[in-house]
Structure formats: C-alpha cells, structure tokens
Amino acid sequence: MGRDKALLPWRGSSFLAGAIASFQPHSDLVIVVAGKNAERLRPVVDAAGAFLVINPSPEQGQFSSLRVGVQAVLDRGRDAALITLVDRPPADSKTISQLCARFTAVVENDIWAVVPQYAGRHGHPIVIGREMITAFLQASPTATARDIEHQHQQRIEYVAVDDPAVVLNVDIPDDYNRLTS
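Keep in mind it's a predicted model, so treat the numbers as computed, not measured.

**Some remarks on the confidence of the model for the protein**
Thought 1: When pLDDT is averaged along the protein, the result is 94; 100% of the residues meet or exceed 70.
Thought 2: Mean pLDDT values for the elements of the protein range from 90 in helix H7 (residues 173-180) up to 98 in strand S4 (residues 51-54).

Shown next, in the form of structure tokens:
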C-alpha cells in the first residue's frame, strides 16, 4: 500500500479507530497489537482508550501478532476475545452483537470459535474462547491461524451475516479506492 493500512482514512477516522470503536460496546478491553508501526498507532490507540501491545518479532508474520494479542488477553484475566485485522473496514456493530450473542449461546456446546460468513466466505471479526486461544498459543510459530482453525473445524461455528465488510480486504491501493468511491 505504501502506507500503514491501519491508518487509512475511513468514515471520518481510520480503519484502526473504527475497529476499536466497533469493539468497545462489546468488550471491556480492546488490545491492539503493533510491530514497527507502534509509535504511529499509539496516538489512535491512546485516544480511543485501548491498550497497545508490541509484537517483538513482527517479521515472523501475522500469526506471531495474533499469538502476542491472545497472550495479552489471558494476561489481563480474560478468557475470550474478539479478533479482527486492520486491513479491512470495521464490521457493523450489529454484526459484532450477533457474533457475540451466538458465541455465548454455543460456548457450552464445546464450540471454541464463532466466525462470520458472508456470501459463502469466512471473515472477521471472529470470537474465540480459551480453548482456541490455547490452541493458537500451543501451535508451532510457523503455523497460521487458518491451519489451527482447520485442525479444530468441529469446534467452530460459522454464522451467516448480512455484512459484506466481514470479507473485505484492502491489500493494494485499487482495493482501497474501490471501497471509498
């Protein structure tokens, strides 16, 4: 992209500020994982009342940041998490409510995660419990979140949502331009 995707302008703020704001009604703690961009993200994170944690090895990839984030969740005494990526616009608050409600309803049925699905595609944010957090933390550092999810497919519930934002990615300037035009 040539610039930090988390800070791309979005509806009067940025992807990051929008994601934090969309999570806050559904969680008492929002954690943002940063790498080398930490000092650029810090003002947005601080202004929104979220917490910034640093991935000491961002060159190891996205899964390393996920592991840093879920460890921070456990370190702060929580046993479930909402997780999203910064290269996409935030999901609608109603979608997040739907996912959280479904997770609460199925967690007793040995479901470890709830994943949104739009037009047959899986997306974000996801809601995970302690069992999935543990699976991520115990996995090989060279694994991917998708690898771990596939290993525990029977423990994931996919929820159809009416929110195309859950499957949108912004990887190149043309993606962003299509999204904002």
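Read on for the rest.
**A few points about the pairing of strand S8 (residues 126-129)**
Thought 1: Burial along S8 is two-sided: Ile126 and Ile128 facing one way and Val127 and Gly129 facing the other are all buried.
Thought 2: Where strand S5 (residues 80-83) and S8 come together, 4 bridges link them in antiparallel fashion. When the bridges of S8 are listed, Ala81 appears paired with Ile128.
Thought 3: Strand direction decides the pairing type here: strand S6 (residues 113-118) and S8, joined by 2 bridges, are antiparallel. When the sheet's bridge partners are listed, Val114 is paired in S8 with Val127.

**Notes on the nonpolar core**
Generally speaking, soluble globular proteins have nonpolar side chains that are buried together.
Thought 1: Core analysis: the biggest nonpolar cluster contains 26 residues, and Leu16, Ile20, Val45, Val114 and Val127 have the highest contact counts within it.
Thought 2: Elements supplying a minimum of two residues to this core: helix H1 (15-23), strand S3 (31-34), helix H2 (38-47) and helix H4 (93-106).
Thought 3: With 5 residues, H4 is the largest single contributor of residues to this core.
Thought 4: Here Val114 is in contact with Leu99, Arg102, Phe103, Val106, Ile126, Val127, Glu157 and Val159, once residues within four sequence places are set aside.
Thought 5: With 20 residues, the next largest nonpolar core counts Leu66, Ile83, Trp112 and Ala135 among its residues.

**Some words on the side chain of Arg88**
Thought 1: Looking at where Arg88 falls in the secondary structure, it is placed in the loop between S5 and H4.
Thought 2: Within polar-contact distance, the side chain of Arg88 engages the backbone oxygen of Leu168 at 3.4 Å.
Thought 3: Looking at Arg88, its side chain comes within polar contact range of the side chain of Asn169, at 2.4 Å.
Thought 4: Once residues within four sequence positions are removed from consideration, Arg88 is found in contact with Phe15, His124, Ala165, Val166, Val167, Leu168 and Asn169.

**Section: the environment of Pro25**
Thought 1: Tracing the backbone through its elements, the reader meets Pro25 in the loop between H1 and S3.
Thought 2: Between the alpha carbons of Pro25 and Pro43 there is a distance of 21 Å; along the sequence they are 18 residues apart.

**Brief notes about the packing of aromatic side chains**
Thought 1: Counting across every chain of the model gives 3 aromatic pairs.
Thought 2: Ring geometry for Phe15 against Tyr176: centres 6.2 Å apart, planes inclined by 75 degrees, an arrangement best described as edge-to-face. A residue pair is termed long-range when its members are at least 10 positions apart, and Phe15 in helix H1 and Tyr176 in helix H7 qualify at 161 residues.
Thought 3: Taking the relative accessible area as the measure of exposure, Phe15 reaches 0% and is therefore buried.
Thought 4: Their ring planes at 80 degrees and their centres at 6.0 Å tell us that Phe63 and Phe136 sit as a pair that is edge-to-face.

**What to know about the pattern of salt bridges**
Thought 1: Under the counting rule described, the total for this entry stands at 7 salt bridges.
Thought 2: The partner of Asp28 in a salt bridge is Arg78, and the shortest N-O contact between them spans 2.9 Å. With Asp28 in the loop between H1 and S3 and Arg78 in the loop between helix H3 (62-75) and S5, the pair connects residues that are 50 residues apart, well separated along the chain.

Thresholds applied
- Residues numbered from 1 in each chain as written.
- Predicted model: local features only at pLDDT ≥ 70, side-chain atom pairs only at ≥ 80, totals over all residues.
- Heavy atoms only, no water.
- pLDDT = per-residue confidence, 0-100.
- Helix = DSSP H or I, 4+ residues; strand = E, 2+ residues; numbered from the N terminus.
- Buried < 20%, exposed > 50% of the residue type's maximum accessible area, 1.4 Å probe, protein only.
- Pairing = 2+ DSSP bridges.
- Core = buried A, V, L, I, M, F, W, Y, C linked by side-chain atoms within 4.5 Å.
- Contact = heavy atoms within 4.5 Å.
- Polar contact = N/O pair within 3.5 Å; in protein donor to acceptor, adjacent residues only side chain to side chain.
- Phe/Tyr/Trp six-rings, centres within 6.5 Å; stacked < 30°, edge-to-face > 60°.
- Salt bridge = Lys/Arg side-chain N within 4 Å of Asp/Glu carboxyl O.

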